[in-house]
Amino acid sequence: MEYILHILIFMGIYGIAAASFNLLIGYAGLFSLAHAAFFGVGAYSSALLTLRLDWPPLAAAAAGMAIAAILSSVVALPSLRVSGDYLVVTSFGIQVLLYTVFLNWTGLTRGAMGLPGIPPASLLGLQVTGHLGYVVLTLAALAFTVWVLRRVVLSPFGRVLKGIREDEVAVEALGKHVYRFKVLAFVVAGSLASLGGSLFAHYVSFIDPYSFTLDESVFLLGSVIVGGTATLRGPFVGAVILVGIPELLRFVGLPQNVAATVRQMLFGALLVVFMRFRPQGICGEQA
Amino acid sequence: MALLLQLLANGLVAGSSWAMVALGFGLIFRVTGTFHFAHGSVYAAAGYLAYSGVADLGLPWGIAFPLAAIGAVLLGCSIEVWIYRPLRRLEAPPLALLVSSLGVAVFLNNLLGLVWSYQSRNLPTAAGTGYVLGPVDLSSFQVATVAVGLVVTIGLIIYMKYSSLGLTMRALANTPFMARIVGIPAERVTVLTFAVGSLLAAPAGILTMLDTGVLPDMGTPAVLMATIAVFVGGIASLPGAALAAGLLGLLVNVGIWQWSARWQNAIAFSLLLLFMVCRPRGLFGLKQRQVKV
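Residues numbered from 1 in each chain as written. Chains lettered and ligands numbered in written order. Predicted model: local features only at pLDDT ≥ 70, side-chain atom pairs only at ≥ 80, totals over all residues.

Here we look at the overall build of chain B
We apply this condition: Only runs of H or I of at least four residues qualify as helices and only runs of E of at least two qualify as strands under DSSP, and these elements are numbered from the N terminus. Atoms considered for the radius of gyration are the C-alpha atoms alone. The globule rule reads 2.2 Å times the number of residues to the power 0.38. The burial criterion counts other C-beta atoms lying within 10 Å of a residue's C-beta, which is placed from the backbone; the residue is buried at 20 or more, exposed at 12 or fewer, and partly exposed between these limits. Note on contacts: residues are paired as contacts if their backbone-placed C-beta atoms lie within 7 Å.
Regarding its fold elements, chain B presents eleven helices and two strands. Going from the N terminus to the C terminus, chain B shows its helices and strands as α-α-α-α-β-β-α-α-α-α-α-α-α. Whereas a compact globule of 293 residues would reach a radius of gyration of roughly 19 Å, chain B reaches 19 Å, a difference of no more than 12%. Over its C-alpha atoms, taken along the principal directions, chain B stretches across nearly 55 × 45 × 35 Å. Across the 293 residues of chain B, 51% fall into the buried class. Long-range pairs, those at least 24 residues apart, make up 78% of the contacts in chain B with a sequence separation of at least 6.

Put into structure tokens, the structure is as follows:
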């Protein structure tokens, strides 16, 4: 039972990260591959602020979101001048830079040794304990994420984002300030990813840089693609599938190291197959 | 000072290796518009095939290495024909090809690990002789990397300028629509571009195997460095990509001298970000509308 709850919590955490990623790649058409880094910014902010400065977890998570929001807008700046392939390589750069900082700023992050003993989450003095407690907390964070995303996507703001995706010049010609919308999309997506990261840090209680690699960004991308870009439900469905499949594979009985490799190969193949046969994802409608 | 010279020499070696990967990546990117991230896997596969040809099949180097290069070409062409071409026919957006390419790269890197394990592989007999030039000490494979890198770069530049396939590729790169109108078979030229691009990555993979050994996921850092080189050099300029790769190798190694090897990726990507902010068209990129290969 605990095992199932554990998987549900992970599905929720990665669902939050994937859903916020979807705002960029799905709705705004901003193809960035640095999302795992912002997830990591949240995790490290929460971990460091609670461990070193004894901040309450909620405040630390909020601070993490603020930091991620600021960093996202900094990231957004070069992406304003470049688009398409240029944005992709710029985001590679951001992803690798942030990861290198997590890994090598050992004075702050303890580098590859990671940060152990992150205190459990607590809300208003009430400590979250046990798997059930984290399921409730994850659901709350999930509800918050969906609420924010719904407000963004279904508003005029969301329509402008979709407009930018379809035809940037036309949106500009209609008098919309394209740059501002892009930066805001980055800020909202980055801070929500950071929220997921904070939850991850408190739940797992140990983080190291290897949870925030380029591969992890590709994993989040996979969740969005498989679930369906530019749909509210899609990324959650994608996260459920991509977190769930490896767990199911556990019961096939492959040796541990082979299982990890086969899981990754399956993931790669899934990306290719979806792009070829169902680019709109599971929840997407036929274009 | 001796250390700096040695690091500069190492930088030249690394840069030559990246240049070969970057030329193939850049050629494919420029001519077909495909962000071929899986190019790194092709590069790693070449190293592994060469290793197995010698270590497992007992072939002499002179046969095993060309066979490995052919294997890399076949792999590159297969990716084009089976993965990218169907997407192109569906008129999928370029980023859909990138997503597929990421999927292919994840698949292939893990396949390499599954087949050859995650331990570094190199040929036990391949100690190579050392060359000492004053304070600089290089293995024969490192010297070979620089030499082959130069030959590949110059060869490709001449090939693109004078051969008929080179002309056709440039035509397709510059005006895909016009190229089709004058009867250039776009799909066939695309496959041939992947063949040439993959062929360029093969010597880099083989020499890396000889020099330091191959690892299943070594393609990812290589293709990232190649990407930096291509964008810093200017996507329209192949010599620019090779030059940028060389400069990148030198810069990263000077960075090692000044700070630490741990920051080399950060240095490389900072350079990329600097260019993306200040000069997105790269060192030798032409302004739009005057782009040439």
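Remarks on the overall build of chain A
Per the secondary structure count, chain A includes twelve helices and two strands. Secondary structure elements in chain A, listed N-terminal to C-terminal, are α-α-α-α-α-β-β-α-α-α-α-α-α-α. Taken against the 2.2 N^0.38 rule, which gives 19 Å for 287 residues, the C-alpha radius of gyration of chain A at 18 Å falls within 12% of a compact globule. For chain A, the spread of C-alpha atoms along the three principal axes comes to 55 × 45 × 35 Å. When the 287 residues of chain A are sorted by exposure, 51% land in the buried category. Put simply, of all contacts in chain A between residues at least 6 apart along the chain, 78% involve residues at least 24 apart.

Things to note about the interface of chain B and chain A
Filter applied, for reference: Side-chain classes are defined by residue name, with Ala, Val, Leu, Ile, Met, Phe, Trp, Tyr, Cys and Pro counting as nonpolar, Asp, Glu, Lys and Arg as charged, and the others, Gly among them, as polar.
Contacts between the two partners involve 33 residues from chain B, matched on the other side by 30 residues from chain A. Every element with two or more residues in the side of chain B that touches chain A is listed here: α3 (61–89), α4 (94–116), α9 (219–233) and α11 (264–278) of chain B. Top element by residues in the side of chain B that touches chain A is α4 of chain B. It accounts for 14 residues. Within the side of chain B that touches chain A, the residues separate by chemical class into 25 nonpolar, seven polar and one charged.

Comments concerning the packing of helix α5 (residues 140–162) of chain B against helix α6 (residues 164–174) of chain B
Two numbers describe a pair of packed helices, the interaxial angle and the distance between the axes. Residue and element names in this part refer to chain B. As a reminder, the rule being used: Helix axes are fitted only over the stretch in contact, all axes being lines through C-alpha atoms; the angle between N-to-C directions runs from 0 to 180 degrees. Here the word oblique covers every angle except those under 35 degrees (roughly parallel), over 145 (roughly antiparallel) and from 65 to 115 (roughly perpendicular).
Contact geometry for α5 and α6: axes closest at 5 Å, N-to-C directions at 80 degrees. Our classification of the angle between α5 and α6 gives roughly perpendicular. Packed against α5, whose contacting residues are Y159, M160, K161 and Y162, the element α6 presents G166, M169 and R170 at the interface. Its residues placed into classes, the contact of α5 with α6 shows four nonpolar, one polar and two charged.

Digging into the nonpolar core
Applied cut-off: As used here, a nonpolar core is made of buried Ala, Val, Leu, Ile, Met, Phe, Trp, Tyr and Cys residues. They are joined through C-beta atoms within 7 Å.
Counting 192 residues, the largest nonpolar core has A22, A46 and A229 of chain B as the members making the most contacts within it. Those residues within four positions of A229 of chain B in sequence are excluded, and the remaining contacts are W18, A19, A22, A241, A244, A245 and L248 of chain B.

Thoughts on the environment of G114 of chain A
All names here are of chain A. You can see G114 is positioned in the loop between α5 (106–109) and β1 (122–123). Here G114 falls in the partly exposed class, since 16 other C-beta atoms lie within 10 Å of it. For the pair G114 and P209, spaced 95 residues apart in sequence, the C-alpha separation works out to 6.9 Å. In this structure G114 touches F206, I207 and D208, once residues within four positions along its chain are discounted.

A closer look at unusual backbone geometry
Residue and element names in this part refer to chain A. Here the phi dihedral of S205 falls at roughly 65 degrees; this positive angle occurs in a residue that is not glycine. For A230, which is not glycine, the phi dihedral falls at a positive 55 degrees. With respect to the element layout, A230 can be found in the loop between α10 (214–227) and α11 (234–249). Given 23 C-beta atoms within a 10 Å radius, A230 is considered buried.

Some points on the pairing of strand β2 (residues 136–139) of chain B
The two faces of a sheet get side chains in turn, since along a regular strand they alternate between them. Residue and element names in this part refer to chain B. Using the following cut-off: At least two DSSP bridges between two strands are required for those strands to pair.
Pairing of strand β1 (residues 130–133) with β2 involves four bridges; the strand directions are antiparallel. Bridge pairing in β2 places G130 opposite S139. Between β1 and the antiparallel strand that follows it, β2, lie two residues; G134 among them carries a positive phi value of about 60 degrees.

Remarks on helix α1 (residues 2–27) of chain A
Residues and elements named next belong to chain A. For clarity, the cut-off: Each helix should span, by expectation, one fewer than its residue count multiplied by 1.5 Å. Bend is computed residue by residue as the angle between axes fitted to the seven residues ending at the residue and the seven residues starting at it.
Helix length check: α1 (26 residues) gives 36 Å between terminal C-alpha atoms against 38 Å at 1.5 Å per residue, within 8%. Along α1, the helix axis deviates most sharply at F21, where the bend reaches about 35 degrees. Of the residues flanking the end of α1, it is G29, one or two places downstream, whose phi is positive at about 65 degrees.

Thoughts on the environment of P235 of chain A
Residues and elements named next belong to chain A. Its location among the elements puts P235 in helix α11. Classification of P235 as buried rests on a count of 33 C-beta atoms within 10 Å. When the C-alpha atoms of P235 and A19 are compared, they prove to be 5.0 Å apart, with 216 residues separating the residues in sequence. Excluding residues that lie within four positions of it along the chain, P235 makes contacts with G15, A18, A19, F21, N22, S223, V224 and G227.

Focus: helix α1 (residues 2–32) of chain B
In a regular helix each residue adds 1.5 Å, so 31 residues correspond to 45 Å; α1 of chain B covers 44 Å between its end C-alpha atoms and thus fits that length. Downstream of α1 of chain B by one or two residues, G33 of chain B has phi in the positive range, about 70 degrees.

Here's the deal with the environment of F31 of chain A
Tracing the sequence through the fold places F31 of chain A in the loop between α1 and α2 (35–52). With 21 C-beta atoms counted inside 10 Å, the residue F31 of chain A sits in the buried group. Measuring from C-alpha to C-alpha, the distance between F31 of chain A and E247 of chain A comes to 29 Å, with 216 residues separating the pair along the chain. When neighbours within four sequence positions are excluded, F31 of chain A is seen to be in contact with I25, L87 and V88 of chain A together with L95 of chain B.

Structural notes on the confidence of the model for chain B
Residue and element names in this part refer to chain B. Note the cut-off: Scored from 0 to 100, pLDDT reflects the predictor's confidence in each residue.
Averaged over all residues, the pLDDT of chain B equals 88, while 96% of them reach at least 70. Element-level pLDDT for chain B is lowest in β1, with a mean of 75, against a maximum mean of 94 in helix α2 (residues 39–55). Every residue in residues 289–293 scores below 50 in pLDDT, and together they form twelve contacts with partners more than four places removed in sequence or on other chains.

Some details on the packing of α3 of chain B against α4 of chain B
Residue and element names in this part refer to chain B. Short version of the rule: Note: crossing handedness is left-handed where the near helix turns anticlockwise from the far helix by less than a right angle, and right-handed where it turns clockwise.
Where α3 contacts α4, the two axes come as close as 9 Å, and the packing angle between them is 150 degrees. As judged from the angle between their axes, α3 and α4 are roughly antiparallel. The handedness of the crossing between α3 and α4 is right-handed. Contacts between α3 and α4 involve I79, I83, Y84 and L87 from the first element and A96, L97, S100 and V104 from the second. Tallied by class, the residues present in the contact of α3 with α4 amount to seven nonpolar, one polar and no charged.

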